[in-house]
2 protein chains.
Amino acid sequence: MAGLSENTQKKIAKITGKKYTVSDREELVCHSYDAAGKAGHLPDAIVFPANTDQVSRVLALASADGFSVIPRGSGSGMTGGAVPVNGGVVMVTSRMNRILEIDKENFVARVEPGVVVKDLHDAAAEEGLFYPPDPASSPVCTIGGNVAECAGGPRAVKYGVTRDYVLGLEAVLATGEVIRTGVKTAKGVAGYDLTRLLVGSEGTLAVVTQITLKLIAAPQKVKTMAAVFDSMESAARTVSAVMRDAVLPRCMEYIDRASLDCVKESMSFEIPDSVQAMLIIEVDGAADCVEKDYHDLVDFLRQNGAADVLVSSGAEETERLWQARKSLSPALFRIAPNKINEDIVVPVSRIPDMVTAIKEIGVKYGLYTATFGHAGDGNIHCNIMYDGRDPVQAERSRKAIGEVFDYTLKLGGSITGEHGVGLTKMKYLPGEINETEIRLMKQIKQLFDPSGILNPGKIFY
Amino acid sequence: MAGLSENTQKKIAKITGKKYTVSDREELVCHSYDAAGKAGHLPDAIVFPANTDQVSRVLALASADGFSVIPRGSGSGMTGGAVPVNGGVVMVTSRMNRILEIDKENFVARVEPGVVVKDLHDAAAEEGLFYPPDPASSPVCTIGGNVAECAGGPRAVKYGVTRDYVLGLEAVLATGEVIRTGVKTAKGVAGYDLTRLLVGSEGTLAVVTQITLKLIAAPQKVKTMAAVFDSMESAARTVSAVMRDAVLPRCMEYIDRASLDCVKESMSFEIPDSVQAMLIIEVDGAADCVEKDYHDLVDFLRQNGAADVLVSSGAEETERLWQARKSLSPALFRIAPNKINEDIVVPVSRIPDMVTAIKEIGVKYGLYTATFGHAGDGNIHCNIMYDGRDPVQAERSRKAIGEVFDYTLKLGGSITGEHGVGLTKMKYLPGEINETEIRLMKQIKQLFDPSGILNPGKIFY
């Protein structure tokens, strides 16, 4: 793309109003990268559409005039999915941030894509309802971005991922045509499942403009605990044992020592030097049942190798614990200025093998590793830390992550549990998915977006 | 299709062995219809492949020689999905019925498509695990058919539908190419979601040859109750009230008086004449919690209009109750020799409107109606009974069901919650899905099956 012509830029501004089509250099720079730290080219412009009609008209124009459109929520994606690799127009959904309806009778929410996930949590809670998916970035990330990547988060172990809550979508095709997929009801199987085809398609098939979500009744009570272990393997084995033999927790997060060291000051309790890993575990449900589950689980953890189990004294301590957990990803930069952060997923019984292998691969390449994540569903965030100014370290980090992916697939896992492929995992995708499957996916892309204007240069080469 | 040439038939027999490619007239007749009662043409042959390789070779041959292949499990589908409308080869999965793996550590099952759903239930239960989807036909229907239609059943209200348990698939494309979609883990978002695109595609996109399923821990305890009501509306209002204000049951089935009359002899208790509707409700979970939920729910039902709540005295009575419920669909033929049975779904709060409307539409056209179904998730099985030998009644029944669908869509519902579109709902699909969406679906079909050999004449005109 050789930049937008002045004429095209004027046409876009006419659709959104001048104020909402911008191309100042600061804005362009700010929208050239996302939380993966990857930058592409600068975009040529940024548009902030107000509604479905404006999205539709911009996309129709893009197909006609041949410019790229890169949909973007808050830019908190971890794989470069919102990066304008070849310039074009970044389409930000921040103005489309209305919660249109919380239907308390039918446990359904209807929202625009720019709604911040935490705002949806709060709105649901006000009605006694619950939207479970809770990625670490929930105070800033948008539900549109969550749909695009099929976001997960710690509660997926009990409650599932974004896909499991999306009942239906309104979306705009590359041509500007508006489609409505799925249902507003608990069930529905009329025709092919376009809803789940769009969920996780990373903004490459359509721009989602309205989302119908399933809500559930809010649990009456939540109890949070942190179990500490003197060995990494012992913590990892306990994850598998809890899932198999104890209660189903709503969260079971694993944090290794290297990660703990980056956030320990924010926690409300001391972490002894002997501790090599921590599990943060939450149980929820009806009040009486939760008390019982919690006592059973504390006993189980103590009998299964936990050096200690620290029970949260109340809402404030729980909040601090989760803030520490949620700040882990940025906090790791204390170890080294750069990291490769990959959200691999393995069968839960193989977590001990996986965390051991990550450690060994780090040692082999002389790099620090830090591992944490949603261990209850096998989804491990593996971080290889390096100094990007040193080309030897940078090269080693790439080799190390290649070995991590190879071992993940050998264990029957996947290269991405919830972050998507985006830009950063493109070259690893063919390791997981065969040629025929990639051909089918590319043909689906071609069918939805014949001019190739929607978020080009992502997922597949 | 003008029948298979002798040469083609020989080639098919060579793939499966002569014994497993048959064309005796009795077999052809038996495979010309399914549980919807719809017959198409006779098929030209029936094949019983033993494995993925044979499926692949038959499909490659079909694409080359231009004959249709209609995948079929047990033929218990309710919308004519397995009916060979233009002849061709019916491909029955009954020999591919192995449970390949129950992975107790990771709560995963790997099965072939011909596994009978009840056999999977039993195999999971032996390991203390649970596969929740339980369509009424579970003693005979196959998991392959469940995947093709995205089957639901009574437990979907708490546990979701088939889609929610399918982690990954092995499937054969019309060309004979084998693809492997999805993951063996709890999470995974690498590339587009081909898994859920195939789930519910009614055998029109690929033949599924292996299924990886999520299992969950078996609930410790289940309690079953039947609440009877003196008015249909009162029962329907109670469904909505329970979902909103009481505990989340694992099943909440609605049965109207007309339906009850067809199965009341099989129940172990008397149903007073004043009863106009029954709800069968089950709660499950940890033993202590279930006892509490059950007592709370009995109180709630009594306070919300139930004339009586009958509690199952044990396994045998529960079994009889469910057998009565599950035999409803065929038992309705006591009312009239023909029926139109549609599995509409509406928002739960609109169930009272919907059951009233069905009754009124029946009265308007002078036809008996019988309504039952999975009320907890808004999925109502509406039956219009008629005598097909009387063309006036037949015509009236078609008009009546048209009005039922119109009203369903007006309430924000869907024409099919779990049975699929198949053959019988094709003409109603455009009422729910717009032209652009149908165009996309047809293009997806074209992309997966360029020669149009897979289950032709289904879903779309």
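Worth saying up front: this structure is predicted, and the values here are computed from it rather than measured.

When chain B is fitted to chain A, the residual RMSD is 0.0 Å, and the transformation amounts to a turn of 180° plus an axial shift of 0.0 Å. Given the turn and translation reported, the copies of this chain are related as if by a two-fold rotation axis. Looking at chain B, 100% of its interface residues are interface residues in chain A too, so the copies touch through the same face.

Attention shifts here to the nonpolar core. Of all hydrophobic cores here, the largest spans 197 residues; its most connected members are Leu-213, Ile-444 and Phe-448 of chain A together with Leu-213, Ile-444 and Phe-448 of chain B. Each residue touching Leu-213 of chain B, except ones within four places of it in the same chain, is listed here: Phe-107, Val-108, Ala-109, Val-111, Leu-120, Tyr-131, Ile-143, Tyr-165, Val-166 and Leu-167 of chain B.

Each side of the interface is counted separately: chain B has 76 residues, and chain A has 76 residues. The largest contributions to the chain B side of the interface with chain A come from Lys-187, Val-189 and Tyr-192 of chain B, which together make up 17% of the buried area. Counting every contact that joins chain B to chain A gives 10 salt bridges. The shortest N-O distance in the salt bridge between Asp-377 of chain A and Lys-187 of chain B comes to 3.3 Å. At the junction of chain B and chain A, the tally comes to 25 residue pairs in polar contact (both at pLDDT 80 or more). Elements supplying a minimum of two residues to the side of chain B that touches chain A: β9 (178–182), α7 (194–198), α8 (232–245), α10 (287–303), α15 (429–432) and α16 (435–448) of chain B. By residue number, the principal contributor to the side of chain B that touches chain A is α16 of chain B, which donates 10 residues. Residue composition of the side of chain B that touches chain A, grouped by class: 32 nonpolar, 23 polar and 21 charged.

Let us look at the sheet that holds strand β6 (residues 108–111) of chain A. Residue and element names in this part refer to chain A. Pairing in this open sheet of five strands is antiparallel, and the strands run β5-β6-β10-β8-β9 from one edge to the other. Of all strands in the sheet, those bounded by a partner on one side alone are β5 (99–103) and β9 (178–182). Strand-to-strand twist in this sheet, taken as the mean axis angle between neighbours without regard to direction, amounts to 10°. Where β6 meets strand β10 (residues 207–214), four bridges bridge the pair, whose relative direction is antiparallel. Paired with Val-111 across the two strands is Ile-211, which belongs to β10. Its contacts with the sheet place helix α3 (residues 52–65) against β8 (166–172), β9 and β10, and it is angled at close to 50° to β8. Together, β5, β6 and β10 form the strand contacts of helix α4 (residues 117–126), whose direction differs from that of β5 by roughly 35°.

Working note: a packed helix pair is described by the angle between its axes plus the distance between those axes. Residues and elements named next belong to chain B. The geometry of α8 relative to α10 is characterised by a closest axis approach of 11 Å and an angle of 140° between their N-to-C directions. Considering the angle they form, α8 stands oblique to α10. Crossing angle aside, the handedness with which α8 passes α10 is right-handed. For the pair formed by α8 and α10, the contact residues are Thr-238, Ala-241, Val-242 and Asp-245 on the first element and Leu-297, Phe-300 and Leu-301 on the second. Broken down by class, the residue content of the contact of α8 with α10 amounts to five nonpolar, one polar and one charged.

Now for the confidence of the model for chain A. Residues with a pLDDT of 70 or more make up 100% of chain A, whose mean pLDDT is 95. The complex model carries a pTM of 0.97, and its ipTM stands at 0.96.

So, about the domain arrangement of chain A. Residues and elements named next belong to chain A. Assigned domains within chain A: domain 1 (6–92), domain 2 (99–217), domain 3 (221–329) and domain 4 (335–432). With centres defined by C-alpha atoms, the gap from domain 3 to domain 4 works out at 23 Å. Taken residue by residue, the interface counts 18 residues in domain 3 and 19 residues in domain 4. Summed over both partners, the interface of domain 3 with domain 4 comes to about 1500 Å²; 63% of that surface belongs to carbon and sulfur atoms. On the domain 3 side of the contact with domain 4, Met-232, Tyr-254 and Ser-329 bury the most area, a combined 31% of that side's loss.

Before going further, it helps to examine helix α13 (residues 351–365) of chain B. Residue and element names in this part refer to chain B. Taking 1.5 Å per residue, 15 residues should reach 21 Å; α13 reaches 21 Å between its end C-alpha atoms and fits that length. All buried positions along α13 are accounted for by Ile-351, Pro-352, Met-354, Val-355, Ala-357, Ile-358, Ile-361, Gly-362 and Tyr-365. As for α13, its buried residues are in contact with α8, β13 (251–256), β16 (338–345), β17 (369–374), β18 (379–386) and α14 (391–410). Phi turns positive, to about 65°, at Gly-366, one or two residues after α13.

What follows is about empty space enclosed by the protein. Residues and elements named next belong to chain A. In total, this model carries four cavities of 30 Å³ or more according to the counting rule given. Put simply, the largest cavity is a space of about 50 Å³. Every residue along the wall of the largest cavity is listed here: Thr-224, Met-225, Ala-226, Phe-269, Leu-310, Val-311, Ser-312, Glu-317, Thr-318 and Leu-321. Among the elements of the structure, β12 (221–229), β15 (308–311) and α11 (315–326) are those that each provide at least two residues to the lining of the largest cavity. Per-class residue counts for the lining of the largest cavity are six nonpolar, three polar and one charged.

Here the focus is the state of the cysteines. In the structure shown here, the tally under the stated rule is one disulfide over all chains. Between the sulfur atoms of Cys-289 of chain A and its disulfide mate Cys-289 of chain B the distance is 2.0 Å. A residue pair is termed interchain when its members come from two chains, as with Cys-289 of chain A in helix α10 (residues 287–303) and Cys-289 of chain B in helix α10. On the accessibility criterion, Cys-289 of chain A (13% relative accessible area) is buried. Residue Cys-30 of chain A stays outside any disulfide, its sulfur separated by 19 Å from that of Cys-141 of chain A, the closest cysteine. Not part of a disulfide, Cys-141 of chain A finds its nearest cysteine sulfur in Cys-150 of chain A, a span of 13 Å.

Parameters at a glance
Residues numbered from 1 in each chain as written. Chains lettered and ligands numbered in written order. Predicted model: local features only at pLDDT ≥ 70, side-chain atom pairs only at ≥ 80, totals over all residues. Heavy atoms only, no water. Least-squares fit on C-alpha atoms with pLDDT ≥ 70 in both. Contact = heavy atoms within 4.5 Å. Core = buried A, V, L, I, M, F, W, Y, C linked by side-chain atoms within 4.5 Å. Buried < 20%, exposed > 50% of the residue type's maximum accessible area, 1.4 Å probe, protein only. Buried area = accessible area lost by both parts, 1.4 Å probe. Salt bridge = Lys/Arg side-chain N within 4 Å of Asp/Glu carboxyl O. Polar contact = N/O pair within 3.5 Å; in protein donor to acceptor, adjacent residues only side chain to side chain. Helix = DSSP H or I, 4+ residues; strand = E, 2+ residues; numbered from the N terminus. Nonpolar A, V, L, I, M, F, W, Y, C, P; charged D, E, K, R; others polar. Pairing = 2+ DSSP bridges. Axes fitted to C-alpha atoms, helices over the stretch in contact; angles between N-to-C directions. Parallel < 35°, antiparallel > 145°, perpendicular 65-115°, else oblique. Left-handed = near helix turned anticlockwise from the far one by under 90°. pLDDT = per-residue confidence, 0-100. Domains from an automatic or database assignment. Expected span 1.5 Å × (residues − 1). 1 Å grid on protein atoms, 1.4 Å probe; cavity = no way out; pocket = protein on both sides within 12 Å on 5 of 7 lines; lining within 4 Å. Points joined across faces, edges and corners; volume = space filled by probe spheres on them. Disulfide = S-S within 2.5 Å.

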